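Here is how the chains run, residue by residue.
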Amino acid sequence: MLNNTVGMHEHVMKIQNTLDNAAAVVNTAVVEAKQTFAQAAATDTSVDSLDQAIRNAQQAAQQVVHQAQATGNSATQHINNQEYRRRQRVGEEAERMTSTATGSP
């Protein structure tokens with residue numbers, strides 16, 4: 001009976017050792033899973049930050065385009081006004097010259 005008890009004890013010790021090894025493997029897997037999750041969360045945060053930076057850059061680019069369009073429109077209007085005034089002056093000068101040449105008041 002004693003021999004049988006010793007054999008059972010050894011068998012129980014082997015089972016305990018196997019369970020301890022399995023627990024160590026599970027604990028390692030849990031630690032690695034937590035690290036992987038943390039890295040994934042950090043990557044997700046980085047991607048979100050990058051997405052936000054891209055959106056901000058797009059908005060800034062749109063503002064620059066709108067400002068450039070407004071500046072171009074303003075410049076075009078200014079040029080058109082100057083051209084109109086130049087034509088008026090040329091027309092007035094031509095009238096004056098015609099009046100002086102014909103003797104009209």
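Source: prediction; values computed, not measured.

What follows is about the overall build of the protein. Along its length, the protein carries 1 helix and 0 strands. Relative to its length of 105 residues, the protein is extended, with a C-alpha radius of gyration of 45 Å against a globular reference of 13 Å. Taken along its principal axes, the extent of the C-alpha atoms in the protein is 150 × 10 × 10 Å. The buried share of the protein, taken over its 105 residues, is 0%. When the accessible area of the protein is evaluated, it comes to approximately 9,300 Å², of which 59% is carbon and sulfur surface.

For the structure shown, the criterion picks out 3 salt bridges. What you see here is one network of salt bridges that share partners, running through Glu83, Arg86 and Arg87.

All right, on to the environment of Glu95 then. Its place among the elements puts Glu95 in helix α1 (residues 2–102). What makes Glu95 exposed here is its relative accessible area of 58%. Taking the C-alpha atoms as reference, Glu95 lies 81 Å from Ala40; in sequence the two are 55 residues apart.

Procedures and definitions
- Residues numbered from 1 in each chain as written.
- Predicted model: local features only at pLDDT ≥ 70, side-chain atom pairs only at ≥ 80, totals over all residues.
- Heavy atoms only, no water.
- Helix = DSSP H or I, 4+ residues; strand = E, 2+ residues; numbered from the N terminus.
- Rg over C-alpha atoms; globule rule 2.2 N^0.38 Å.
- Buried < 20%, exposed > 50% of the residue type's maximum accessible area, 1.4 Å probe, protein only.
- Areas by Shrake-Rupley, 256 points an atom, 1.4 Å probe, with all protein chains shown as cover.
- Salt bridge = Lys/Arg side-chain N within 4 Å of Asp/Glu carboxyl O.

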